[in-house]
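Residues per chain are reported as follows:
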Amino acid sequence: MINQVKQQLASLVASVPADVLNLHKDDLAEYFMSLMAKHSDSDMDIKEHIHLANCHHDKDMESNAFLLSQIITDLRSVLPISAEAPSEQISIPTSSSNFQGMSFDDTVNIDGFLFTEDDIDDFVEKGLMSRNKCLNCGSRNTKPLSKGGDLKEHFISHSAYRHQLEWLFNYSLSSSENIAPDTKFTTILDIGSRLGAVLYMAYLNSSFSNIIGLEINQYFVNLSAEIVKKYNMQDRIQVICDDMLNRSDLLRVADVIVLNNVFQCFMSKQQEVRLWTFLRENVFRQGQRLICIPSLEEQLQESGASNFIKLEGWVREVLFASEKEKNETLEGYSEDEVSDINNIHEYVVV
């Protein structure tokens, strides 16, 4: 089936104008994706390819990469660079050590699932954005957008980065210490699933049979539901529009719960404390896992919930058997990517 897809691409290449072939590799990829989407027969074959790939746990990496590029292209075609919903209200929690010194004047929201560092460099080269802030309007007195804490250059992403999710599903959640031989995880729940990054990556890189996205924003629910339907992922993914406070049932049934900076930029501290308290009351089954970005300690501390919630007696952090073992999983990742990956923390309910 992969060969058929390659043949489809080859046939498209033959009809591509010569000047198009000189595009940057990312632009060229987007061109082919959009061109292929216009060919109903090719699209039907690709969907068949998707369905076939999903019938086997040992999915081919080439197939997964192709499907992921299709999904990202579709999302990029309808979302702004920030990947924010039209009516979404986002704040910068300057009381957090990770956001100190940052403001809307010198901070850009760029979705880390949709756009890589290479994409950002391309945007800068094309004049679509700048890495410099004007200190005196109209003058040449500028400074680079500096790093806020351990974050990248004043670029904030409200989605997990692709490399974070790749590492999570291929290494962290499948490491010898993280999963006991008799442990069987079937359900993963992403709180605040937004455009569905965790859902798609879990579908392509794990054997979870029940992948649930809980999202309060109807715009994101509709968007991710369209992607799920287009790529025939309904057999394992469901996206639910609701407030977490209404879904204690999901918290209790989930084997793994993903919390990627889920509350910090979107609500008051009082609301955060209420949500963390509710989560603590309903995540109590021994063996349940929490995937937190950043750490659970940091999120509780910054929200003020640490005054009411103690980790001792509730969860313990899950670590690799040795630093050497973890370092082996990080081979091939850049320094910045390793920094992002180290911001992932896994906990088990005791």
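Just above, that's the structure.
Residues numbered from 1 in each chain as written. Predicted model: local features only at pLDDT ≥ 70, side-chain atom pairs only at ≥ 80, totals over all residues. Heavy atoms only, no water.

## Observations concerning the nonpolar core
Point 1. In this structure, Leu-75, Phe-113, Leu-114, Phe-169, Tyr-200 and Ile-237 are the most contacted members of the largest nonpolar core, which totals 51 residues.
Point 2. A per-element tally of this core places helix H7 (residues 197–205) first, with eight residues.
Point 3. Ile-257, Val-273, Phe-278 and Tyr-347 belong to the second largest nonpolar core, which has 30 residues in total. (Core = buried A, V, L, I, M, F, W, Y, C linked by side-chain atoms within 4.5 Å. Buried < 20%, exposed > 50% of the residue type's maximum accessible area, 1.4 Å probe, protein only. Helix = DSSP H or I, 4+ residues; strand = E, 2+ residues; numbered from the N terminus.)

## Some details on the packing of aromatic side chains
Point 1. According to the stated counting rule, one finds three aromatic pairs in the structure shown.
Point 2. Between the aromatic rings of Phe-113 and Tyr-200, the centroid separation amounts to 6.5 Å while the plane-to-plane angle is 35°, which identifies the pairing as tilted. You can see Phe-113 sitting in the loop between strand E1 (108–109) and helix H5 (117–125) and its partner Tyr-200 sitting in helix H7, a full 87 residues away along the chain. For the pair shown, Phe-113 and Tyr-200 are each scored as buried. (Phe/Tyr/Trp six-rings, centres within 6.5 Å; stacked < 30°, edge-to-face > 60°.)

## Topic: H7
Point 1. Counted residue by residue, H7 has eight buried out of nine residues, so it is predominantly covered.
Point 2. Turning to H7, its buried residues are Ala-197, Val-198, Leu-199, Tyr-200, Met-201, Ala-202, Tyr-203 and Leu-204.

## Regarding the sheet that holds strand E6 (residues 210–215)
Working definition: the strands of a sheet are paired by backbone hydrogen bonds and lie parallel or antiparallel to each other.
Point 1. Spatial ordering of the open sheet is given by E7-E6-E5-E8-E9-E11-E10, a layout of seven strands whose pairing is mixed. The sheet is open, and its two edges are formed by strand E7 (237–241) and strand E10 (315–317), each paired on a single side. Ignoring which end each strand starts from, the neighbouring axes of this sheet average 20° apart.
Point 2. Of the pairings in the sheet, the one linking E6 to E7 comprises five bridges and is parallel in character. Each bridged residue has a counterpart across the sheet, and for Leu-214 the counterpart in E7 is Ile-240.
Point 3. Sheet strands in contact with H7 are strand E5 (187–191), E6, E7 and strand E8 (256–260), and its direction is about 175° off that of E6.
Point 4. The sheet contacts of helix H8 (residues 218–230) involve E6 and E7, and relative to E7 the element is tilted by about 165°. (Pairing = 2+ DSSP bridges. Axes fitted to C-alpha atoms, helices over the stretch in contact; angles between N-to-C directions. Contact = heavy atoms within 4.5 Å.)

## A word on the packing of helix H10 (residues 269–282) against helix H11 (residues 296–303)
The description of two helices packed together rests on the angle between their axes and the distance between the axes.
Point 1. Where H10 contacts H11, the axes come no closer than 9 Å and their chain directions differ by 135°. When the axes of H10 and H11 are compared, the pair comes out oblique. Contact residues: Lys-269, Glu-272, Val-273 and Trp-276 in H10; Leu-296, Gln-299, Leu-300, Glu-302 and Ser-303 in H11. (Parallel < 35°, antiparallel > 145°, perpendicular 65-115°, else oblique.)

## With respect to the pattern of salt bridges
Point 1. A complete count under the given rule lists six salt bridges for this structure.
Point 2. Between Asp-74 and Lys-230 there is a salt bridge, and its shortest N-O distance comes to 2.9 Å. In this pair, Asp-74 is assigned in helix H4 (residues 61–78) and Lys-230 in helix H8, connecting sequence segments 156 residues apart.
Point 3. Owing to a relative accessible area of 19%, Asp-74 belongs among the buried residues under this scheme.
Point 4. The class for Lys-230 is partly exposed, based on a relative accessible area of 28%. (Salt bridge = Lys/Arg side-chain N within 4 Å of Asp/Glu carboxyl O.)

## Focus: the pairing of strand E11 (residues 345–349)
Point 1. With five of its five residues buried, E11 lies for the most part within the structure.
Point 2. Because side chains alternate across E11, one face comprises the buried residues His-345, Tyr-347 and Val-349, and the other comprises Glu-346 and Val-348, equally buried.
Point 3. Pairing between strand E9 (residues 289–293) and E11: four bridges, direction antiparallel. Paired with Cys-292 across the two strands is His-345, which belongs to E11.
Point 4. Pairing analysis gives three bridges linking E10 to E11, with the strands arranged antiparallel.

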